[in-house]
Every structure is written in C-alpha cells, then in structure tokens.
Amino acid sequence: MRLDEIPRVHLANLPTAVEEAPRLAAELGWPRLLVKRDDNTGLALGGNKARKLEYLMAEARDIGAQVVLTCGGAQSNHARMTAAAARKLGMECILFLTDPMPERFEGNLLLDAVLGAEIRFLPGVTYEQLERTMASEEARLISHARIPYVIPVGGSTPLGALGYVNAVRETAEQLKELGAENADIVIALGSGGTLAGLVLGCYLFLPEARPIGISVSRAADQARARVVRIANEAAKLVGIGHEPDVERMAIYDRYIGEAYGIPTQEGKEAILLAARTEGLILDPVYTGKAMAGLIDLVRKGEIGRERPVLFWHTGGAPGLFAFEELFHDEAVRLASES
Ligand SMILES: *Cc1c(COP(=O)(O)O)cnc(C)c1O
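Predicted model, so just to flag it, every value in this text is computed and none were measured. Here the residue numbering is sequential within each chain, running from 1 through the sequence in written order. Per-residue local features of the predicted model are confined to residues with pLDDT of at least 70, and side-chain atom pairs are confined, for both listing and counting, to 80 or more; whole-chain, interface and lining totals are unaffected and use all residues. The side-chain figures draw on all heavy atoms in the structure; neither hydrogens nor water molecules are used.

Peer 1: What's the story with the pattern of salt bridges in this structure? I'm lost.
Peer 2: What counts as a salt bridge is simple: a side-chain nitrogen of Lys or Arg found within 4 Å of a carboxyl oxygen of Asp or Glu. Counted according to the given criterion, the structure contains 22 salt bridges. Between arginine 8 and glutamate 54 there is a salt bridge, with the nearest N and O atoms lying 2.8 Å from each other. Within this pair, whereas arginine 8 is found in the segment before strand S1 (18–20), its partner glutamate 54 is found in helix H2 (residues 49–62), the two being separated by 46 residues in sequence. When a residue's accessible area, from a 1.4 Å probe over protein chains only, is under 20% of the maximum for its type it is buried; when over 50% it is exposed; and in between it is partly exposed. The partly exposed category is assigned to arginine 8, whose relative accessible area is 37%. The exposure class of glutamate 54 is buried, given its relative accessible area of 3%. A run of DSSP states H or I qualifies as a helix once it reaches four residues; a run of E qualifies as a strand once it reaches two. Both are numbered from the N-terminal end.

Below you can see the structure in the form of structure tokens.
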C-alpha cells in the first residue's frame, strides 16, 4: 500500500484526541461513549474538511495552482476551510454557493468574507449545474493564463477521501490503547468522501469496527453508491488491487428531516444535550443530526449496547452562528435583567 507516498500538505493539527464522554453516556444509559475530536483539526475553526484538504491542496500546490474553485451551500464548512487552506498556501479562492445572497453574512459565510474569498451566489442551481459553472470558470481562467484547481463539492474525491484513511490509522492506535477497537463508529454523512475514507480505513486498519453513516442529505441507497464508488477509487489510488469489503458499513437516512440544512427538533435536542453534559458543541446541519440518529438507533436497539460507540465529531460549529433563531427562545428563557 502506498498511502504514505501520496503528496500531502500540512494543514490540520493531528492527531486529534479521542475523549471519553461519560456524562453523556450515563444520561443515555450507555456503557461507553467515545468522541473523536475532528472539530479540533484547526484551519479556520476546524472540522473534517481539513484532512481531505491536506491531499487536495497538495495536488493544487504541485500543479502550481493560483486560484482554487469550490462549491457548496451558503453555510458550507468545506467552502470556509478551502478558503483558509488557499490563503495558507498563497492562493486565491472562488466559492460557488447554491443559495441566494442573504441579508446578513453569518457563520461560515462571514468567515468566507473575512478570508477574502470571492463569493458567487447561484440560487437554486443543482450540484450538476454548479460543477458545470465551475468547469466553465476554470476554462475562462486558463484562457487568461491563470492556473486554477477545482475541488468538487465537499472535497469528496478519492484523493480527498485519503484524509480519512489516514484518520482511521491514527484512530486505530488510540482505540487500541482504550480497548475499543470493536467500536461502532457513527459519523455524519454528506457528500460521502469522509465515510468512504472511513470505510476503506477500517478495512485496512480497524477491521473489528463498524462504520455507520447518518445521512444529512441523500437517500441511503444513493449515498451508499457514492460512498462505495469513492472508496473503490481511493483503494486504487493507494495501490490496493481489489475492492475493499464494505459489508460492515451501515447508512441511515431517517434523520435528515425536511431537507439538508433545515434543523430538526431531535437535532436541536441532541445539540443541547451534548453541550449540557459534555460541553461539546454540535451543529444543526451535520453533527446534531448525526448525534440525534445515534441516540435513536441505540434506543431502538439497532446499535447494540455491548460494543463501545465512537461518535466521530466532524466539526461544523461555525455554522451554529447562523442559527440564532433556533436557540433564541431558550436563551431568553435562561436570561434575566435586574
Ligand atoms: C462536510 C461535513 C460532513 C460530511 O462529510 P462528507 O465527506 O461531505 O460526507 C460532516 N460534518 C461536517 C461538520 C461537515 O462539514
């Protein structure tokens, strides 16, 4: 396997910690809950995208890229972290966002502006249209003798997924020390690159673990096809001559709620619970829904209590600052004036 031969640029603070969450576990009546703190990767306030960007931005650097193009929703953590990575490597960044320009620039979007990314709002376009828009901008830049580098949504390419193959290698050591190599690993699932890397990583370094994705956008069968495709391609990149076994992986799509980016009541409750038992900050778009899914799956017995659970915290907290209205009443309830 040639994982260590693939160019990588240092962007994330690694290893991130694996922490016990005993108060949250007790509250839920579970024997053991561990949390992988990828919210602490650094790179403009942290999150899972830092690990993917270590590989993607190495490729950008190696082709001499001057400007990085990527896309997402207005509150994209990936867009924010790509903008930061571009700056750290002396590049420009153009972000193509699927939402209308909001009245207020909050959360990730505020950071995009602070980082000086060029922001193009394309309200209502599909991701296919976004990819086409990026491709034509790429061609335009090339015709102006500039060197662009395009990163697809979420950085979820086989190359980006290698960040999570490495992440599992890192985590395997930590879980070994904690006696939890057989953990059920629960993670938020969006564009799929993270779970793809996790699945390949578990296949290689942590065979007793079980990767479980909680989808925040796509239907389970669609998400699964994407994850498997990216994992298979990533396996080729590192020189594994066969497709990795994906049978242990499970994907659930019942916790999306109305749509991607729209908070659910269960997600909100999970955010409050994690914050108030462990001081852990989750977000309404990804990690809150993933935690809500985890809680429900244990309650229903679909995740057993006999194995330890590792909740893989993928970040997202900057997005919380764009959801003041979700917690406004709670804040007022807690507040007083004297
Ligand atoms: C992007 C993101 C995810 C999902 O990762 P994918 O690779 O897109 O599936 C999960 N959590 C947070 C906070 C994210 O920003």
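So, next bit.
Peer 1: Would you mind showing me how to read the site of the ligand here?
Peer 2: In the vicinity of the ligand lie 16 residues, with Lys49, Lys52, Ser191, Thr194 and Thr314 positioned nearest. Interatomic distance of 2.9 Å between a side-chain N/O atom of asparagine 77 and an oxygen atom of the ligand. For the ligand, an oxygen atom lies 2.5 Å from a polar atom in the side chain of serine 191. Burial of the ligand by the protein chains amounts to 98% of its free accessible area of 380 Å². Definitions used for this entry: grid spacing 1 Å over protein atoms alone; cavity, a set of points where a 1.4 Å probe fits but cannot get out; pocket, an open set with protein on both sides within 12 Å along at least 5 of 7 lines; lining residue, one with an atom within 4 Å of a point. If over half the atoms of a molecule are within 2 Å of the grid points of a cavity or pocket, the molecule is regarded as sitting in it. Spatially, the ligand is embedded in the largest pocket. A cutoff of 4 Å decides nearness: a residue is near a molecule or strand if any of its heavy atoms lies inside that distance of it. N or O atoms within 3.5 Å of each other form a polar contact, as long as, within protein, one can give a hydrogen and the other can take it, and as long as residues adjacent in sequence are counted only when both atoms are side-chain atoms. Only the protein chains shown count as cover for residues, and the accessible areas themselves come from Shrake-Rupley with a 1.4 Å probe.

Peer 1: Any chance you could explain the packing of helix H9 (residues 265–278) against helix H12 (residues 324–334) here in plain terms?
Peer 2: Packed helices, taken two at a time, are described by the angle their axes make and the gap between the axes. Two numbers describe how H9 lies on H12: the axes approach to 11 Å, and their chain directions differ by 45°. Overall, the two elements H9 and H12 adopt an arrangement that is oblique. Taken as a pair, H9 and H12 cross one another with a handedness that is right-handed. Across the interface between the two elements, Lys268, Ile271, Leu272 and Arg276 from H9 touch Leu326, Phe327, Glu330, Arg333 and Leu334 from H12. Asp, Glu, Lys and Arg are counted as charged, while Ala, Val, Leu, Ile, Met, Phe, Trp, Tyr, Cys and Pro are counted as nonpolar; the rest, among them Gly, fall into the polar class. Here the contact of H9 with H12 is built from residues that sort into five nonpolar, no polar and four charged. In this analysis, axes come from line fits to C-alpha atoms, helices being fitted only over the stretch in contact, and the angle between any two N-to-C directions falls in the range 0 to 180 degrees. What sets the label is the angle itself: under 35 degrees gives roughly parallel, over 145 gives roughly antiparallel, 65 to 115 gives roughly perpendicular, and the rest give oblique. Each crossing gets its handedness from the near helix: less than a right angle anticlockwise from the far helix is left-handed, clockwise is right-handed. Note on contacts: a residue pair is in contact if any heavy atoms of the two residues lie within 4.5 Å.

Peer 1: Just to check I follow, could you spell out the pairing of strand S7 (residues 184–189) for this structure?
Peer 2: On a regular strand, each side chain points to the face opposite its neighbour's, so the side chains alternate between the two faces of the sheet. Counting buried positions along S7 gives six out of six residues, so the element sits mostly inside the fold. At least two DSSP bridges between two strands are required for those strands to pair. Pairing analysis gives six bridges linking S7 to strand S8 (residues 210–215), with the strands arranged parallel. Paired with leucine 189 across the strands is serine 215, a residue of S8. Whether a crossover is right-handed comes down to one check: with the strands pointing away from the viewer, does the path from the first strand over the helix to the second run clockwise; if it does, it is right-handed. Between S7 and its parallel partner S8, the chain crosses via helix H7 (residues 193–205), and the hand of that crossover is right-handed.

Peer 1: Whenever I open this one, the nonpolar core confuses me. Can you help?
Peer 2: Burial of nonpolar side chains together is a common tendency in soluble globular proteins. The biggest cluster of nonpolar side chains holds 69 residues, and the ones touching the most others in it are Leu53, Met57, Leu162 and Leu195. Of the residues forming this core, the biggest block, nine residues, is contributed by helix H6 (residues 158–178). In this entry, domain limits derive from an automatic or database-based domain assignment. Looking at this core, you find at least three residues from each of domain 1 (3–47 + 156–337) and domain 2 (64–154). In this view, leucine 53 contacts Val9, Leu11, Leu43, Ala58, Met81, Thr82, Ala85 and Ile151; residues no more than four positions away in its chain are not counted. In terms of nonpolar packing, the next biggest core, distinct from the first, is built from 37 residues, Ile212, Ala250, Ala274 and Leu282 among them. Only buried residues count toward a nonpolar core, which is a set of Ala, Val, Leu, Ile, Met, Phe, Trp, Tyr and Cys residues joined through side-chain atoms within 4.5 Å.

Peer 1: In this structure, what is going on with unusual backbone geometry? I would like to understand it.
Peer 2: The bulk of non-glycine residues show a negative phi, and the bulk of peptide bonds are trans. Residue proline 15 is bonded to the preceding leucine 14 through a cis peptide linkage, with omega at -5°. If you trace the backbone, proline 15 turns up in the segment before S1. Not every positive phi belongs to a glycine, and leucine 43 is a case in point at roughly 65°. Along the chain, leucine 43 falls in the loop between strand S2 (33–37) and H2.

Peer 1: Would you explain the domain arrangement of the chain in this entry?
Peer 2: Frequently, the measure chosen for interface size is the accessible area that the parts lose on association. For the chain, the assigned domains read domain 1 (3–47 + 156–337) and domain 2 (64–154). One C-alpha centre belongs to domain 1, the other to domain 2; they are set 25 Å apart. Listed by partner, the interface residues are 20 residues for domain 1 and 17 residues for domain 2. Taken together, both faces of the contact between domain 1 and domain 2 bury some 1400 Å²; the carbon and sulfur share is 67%. One can count zero salt bridges joining domain 1 with domain 2. At the boundary of domain 1 and domain 2, one finds four residue pairs in polar contact (both at pLDDT 80 or more). Two parts lose some accessible area (1.4 Å probe) when they are put together, and adding that loss for both gives the buried area.

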